[in-house]
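One-letter residues, chain by chain:
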Amino acid sequence: MKKILIFSHGLAIGGAERALLGLLETIDTSKFEVDLFLMHHDGELMKFIPKNINLLPVIPEYDSLAVPMKKLFRNNQWGVLLGRLLAKIVSHFTVWKLRLPKDNEVELEYSHKYTCRYMPKISEKEYDLAISFLTPHYFVVNKVNAKKRLAWIHTDYSKVSVDVKSQEKMWSSYDNIISISESVTNSFLHLFPNLKDKILLIENIMPVDYIRNMAEETLEVNEMSSEGIKLLSIGRFCVAKNFDNIPAICRLLIELGCPVSWYIIGYGGDEALIKQKIAEHHVEDYVFILGKRENPYPYIKMCDIYVQPSRYEGKCVSVIEAQILHKPVIITNYSTASSQLENGKDGVIVPLENEDCAAAIKKILQDEELQNLLVNNTYDKDYSNVEGIKKIYGILE
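A brief look at the structure comes next. (Residues numbered from 1 in each chain as written. Predicted model: local features only at pLDDT ≥ 70, side-chain atom pairs only at ≥ 80, totals over all residues. Heavy atoms only, no water.)

So, about the environment of Pro-50. With respect to the secondary-structure elements, Pro-50 resides in the loop between strand 2 (32–38) and strand 3 (54–55). Judged by its relative accessible area of 15%, Pro-50 falls in the buried class. Residues Pro-50 and Pro-120, 70 residues apart in the sequence, show an inter-C-alpha distance of 26 Å. Setting aside residues no more than four positions away along its own chain, Pro-50 makes contact with Leu-24 and Glu-25. (Helix = DSSP H or I, 4+ residues; strand = E, 2+ residues; numbered from the N terminus. Buried < 20%, exposed > 50% of the residue type's maximum accessible area, 1.4 Å probe, protein only. Contact = heavy atoms within 4.5 Å.)

What follows is the structure in structure tokens.
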């Protein structure tokens, strides 16, 4: 039986994490022995790891990459502490040298790059295939014995700032690089054209039956009981998701005569900013932050329209989940939007700018025939992408 290792960070609530669950559910464990290594054994999705997947024990050095550095000092983890300090210093210099914006990916990459030498091996096994599911991708190359290695891209590289030379060396260590959409591929190859021959397209593998079963769960309290058309958005509270502009768009919709209530599920550093914007636009009675939800699917089932107002995406898992649950979907015109859905068929792409966005949403809200068309077309499409697993099997063969 061939052996596969899958490496990732943890299983907190997030789109990439739910896509990982889809991958784990789809692999045929009657033919492959699958080990899962997570740097952190935490997160609301841990309990959904399939029983036939072997979860490897936590290793303190890997877990320590997410803790405050003063805790490393108290725990005498000198190697990891030294690596993280070096990463912080060198990344600061690199950002200055390359004139990168403050919001960049350099320190995250370097935190793995410079601590890697101090990390123990993940396993003594030799694997036929090792998969690094989330960047940075240093540990699977250096701390795993494997005949072949895959690394996954989940990001639109046209929207993030990186040390290109450093990352190209990192990605080059892999036999194949998995991209989740054509648009993600194009943005990646714009920075790393030399890696073209390594790219393999595998869209997110979705656990359709699990999603539909979880959507049937009865909520103890109906938090979406407000009147009006129920809009829903799900994601981390960060710059990419653009949730800080939901209050302004909602205010414009109200002014345009659209009786909407807009619910937001998620968590993250921008929560205070979103709350500030809700107050600034006086939409406390129309925009509601629901926070983290371990099971977001009953909320998707209850909404009238799912809206993803992002500034940028790789390929948004929440949008696919809404389509699986047969909801009309609206997304903004981020650079990878055209690979997310078929505009006018199983969703609608609207402008990113607030006023144009609100005007376009109003038209959709008033067009019941279009909404019905969007819903009906979701029944004709298979969003599971289970066929994608065959490409991984092909690499093993």
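Attention shifts here to the environment of Ile-305. Here Ile-305 lies in strand 11 (residues 305–308). For Ile-305, a relative accessible area of 1% translates into the label buried. Taking C-alpha positions, Ile-305 is 12 Å from Gln-366, a pair spaced 61 residues apart along the chain. Filtering out sequence-adjacent residues up to four positions away, Ile-305 remains in contact with Lys-230, Leu-231, Leu-232, Pro-328, Ile-330, Leu-365 and Gln-371.

Bringing the sheet that holds strand 9 (residues 260–265) into the picture now. Read from one edge to the other, the open sheet built from 6 strands follows the order 10-9-8-11-12-13, with strand pairing classed as parallel. The open sheet has two edge strands, strand 10 (287–291) and strand 13 (348–350), and neither has a second partner. Averaged over all pairs of adjacent strands, the angle between strand axes in this sheet comes to 25 degrees, irrespective of strand direction. As judged from the 2 bridges shared by strand 8 (residues 229–234) and strand 11, these two strands associate in the parallel manner. Looking across to strand 11, one finds that Leu-231 is bridged to Ile-305. This element, helix 14 (residues 354–365), spans strand 8, strand 9, strand 11, strand 12 (329–332) and strand 13 of the sheet and lies at about 150 degrees to strand 13. (Pairing = 2+ DSSP bridges. Axes fitted to C-alpha atoms, helices over the stretch in contact; angles between N-to-C directions.)

In this section: the pattern of salt bridges. In this structure the tally under the stated criterion is 19 salt bridges. Residue Arg-236 pairs with Glu-17 through a salt bridge whose shortest N-O separation is 3.3 Å. In this pair, Arg-236 sits in the loop between strand 8 and helix 10 (246–255) while Glu-17 sits in helix 1 (residues 15–26), placing the two residues 219 residues apart along the sequence. Arg-236 sits in the partly exposed class, given a relative accessible area of 33%. Residue class for Glu-17 comes out buried when judged on its relative accessible area of 8%. The partner of Lys-345 in a salt bridge is Glu-342, and the shortest N-O contact between them spans 3.7 Å. Looking at Glu-342, the relative accessible area reads 38%, which means it is partly exposed. The structure contains a network of salt bridges with shared partners spanning Glu-33, Asp-35 and Lys-125. (Salt bridge = Lys/Arg side-chain N within 4 Å of Asp/Glu carboxyl O.)

Purely geometric numbers; function is a separate question.
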